[in-house]
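Next come the chains, spelled out residue by residue.
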Amino acid sequence: MATPSQVNASSTIANEGLEAAASGLVEQNDLLIVGPGVLGRIVAEKWREEHPVCQVFGQTVTTDHHDELIKMGINPSLKGTTEAHRFPNVIFCAPPSRTSDYPGDVRLAALNWNGEGSFVFTSSSAPYDCNDNGQCDEDTPVVPIGRSPRTDVLLKAEKVVLEYGGCVLRLAGLYKADRGAHAYWLGKGTVEARPDHILNLIHYEDAASLSVAILKKKFRGRIFLGCDNHPLSRQEVMDLVTKSGKFSKKFEGFTGTSDPLGKRLNNSKTREEIGWEPKYPSFAHFLGVSE
Ligand SMILES: NC(=O)c1ccc[n+]([C@@H]2O[C@H](COP(=O)([O-])OP(=O)(O)OC[C@H]3O[C@@H](n4cnc5c(N)ncnc54)[C@H](OP(=O)(O)O)[C@@H]3O)[C@@H](O)[C@H]2O)c1
């Protein structure tokens, strides 16, 4: 809990930020986060570590979390309300689940970018066309438009980003202790999906550090991949959860037999070009257990 003085301090900073933005005083290290959720808030923290003098703004769908954002020093606004002010750095890290026009929302975000620093969109690795548990990297072809509504939405949003000169970061499954595939499956107990499907993970903190590293490089029109290079089967993920002894719920098992398999992601090219390595090289490492 923030103390009253912290709340006042952060509210003052937020008000100053809003006034600065309203008066057009947007500085070169200022950052707009569209979708300041779990990932976006860690991006805000890491961005501030790199740029102690900056203002961070956050656009949301509802005002539900605006008080929390203000306490974190993020100046909140509702999607579509700050078009008059453009920002040198924009990261779009809202999921596709809460809008009927995801590419349209990404376009609105692009219109909020002044083209100076970076515009980064956090996409997903889902479009890589591989469902036989095979190898996959930055150069693997993507699913053609028209095959799946889920990948269509992502690819159309990515197209908008690239048209505006922004960069795409395709992320593997995000996780932290209480969020991600393992937490979802633990909550269910029994899951109707095949146990041998290979999935790919990246810790939220690592996705944030990679996003910030890409933002800082000021690339134009590039696609990167974010993963921990440690693919695991669903069963292996849940075996590690059990072995760790860190969760009170008990997982019963996977019961599927005929659903599609996954892919094994490798992002060595992204690591090399960005000069980035994850803090958590594998899910096992994060849990503190050997495989
Ligand atoms: N989860 C995964 O495994 C995974 C995998 C690959 C890629 N990704 C991508 O990683 C990114 C970060 O995920 P996350 O788990 O951090 O997201 P999250 O916490 O669910 O993000 C929620 C935030 O986004 C805002 N929001 C939702 N839809 C929006 C929209 N259309 N326009 C503006 N704001 C919107 C919400 O506003 P309110 O405050 O009003 O609720 C909230 O601030 C997303 O781009 C996601 O697609 C996730």
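Data block above holds the structure.
Description of the structure in this document. Because the structure is predicted, anything quoted here is derived from the model rather than measured. (Residues numbered from 1 in each chain as written. Predicted model: local features only at pLDDT ≥ 70, side-chain atom pairs only at ≥ 80, totals over all residues.)

1. Topic: the pairing of strand E5 (residues 113–124)
Two strands pair when backbone bridges link them, and strand E4 (residues 87–92) and E5 are joined in this way by 5 bridges, in the parallel orientation. Bridge assignment links Ile-91 to a residue of E5, and that residue is Val-120. The handedness of the E4 to E5 crossover, carried by helix H4 (residues 102–111), is right-handed. (Pairing = 2+ DSSP bridges. Helix = DSSP H or I, 4+ residues; strand = E, 2+ residues; numbered from the N terminus. Right-handed = clockwise from strand over helix to strand, strands pointing away.)

2. So, the sheet that holds strand E1 (residues 31–34)
Here we have 7 strands laid out as an open sheet, ordered E3-E2-E1-E4-E5-E7-E12, and parallel in their pairing. At either end of the open sheet lies a strand with only one pairing partner, and these are strand E3 (74–78) and strand E12 (223–226). The sheet shows a mean angle of 20° between the axes of neighbouring strands, direction not considered. Where E5 lies against strand E7 (residues 167–171), 5 bridges are found, and the strand directions are parallel. Across the sheet, the residue bridging to Thr-122 is Leu-169, located in E7. (Axes fitted to C-alpha atoms, helices over the stretch in contact; angles between N-to-C directions.)

3. Concerning the packing of H4 against helix H5 (residues 149–163)
The contact between H4 and H5 brings their axes to 8 Å, and the two run at 20°. By the angle between their axes, H4 is roughly parallel relative to H5. Crossing handedness for the pair H4 and H5: right-handed. When H4 is examined against H5, the residues Tyr-102, Pro-103, Val-106, Arg-107 and Ala-110 are found in contact with a partner set consisting of Val-153, Lys-156, Ala-157, Val-160 and Val-161. Across the contact of H4 with H5, the residue classes break down as 8 nonpolar, no polar and 2 charged. (Parallel < 35°, antiparallel > 145°, perpendicular 65-115°, else oblique. Left-handed = near helix turned anticlockwise from the far one by under 90°. Contact = placed C-beta atoms within 7 Å. Nonpolar A, V, L, I, M, F, W, Y, C, P; charged D, E, K, R; others polar.)

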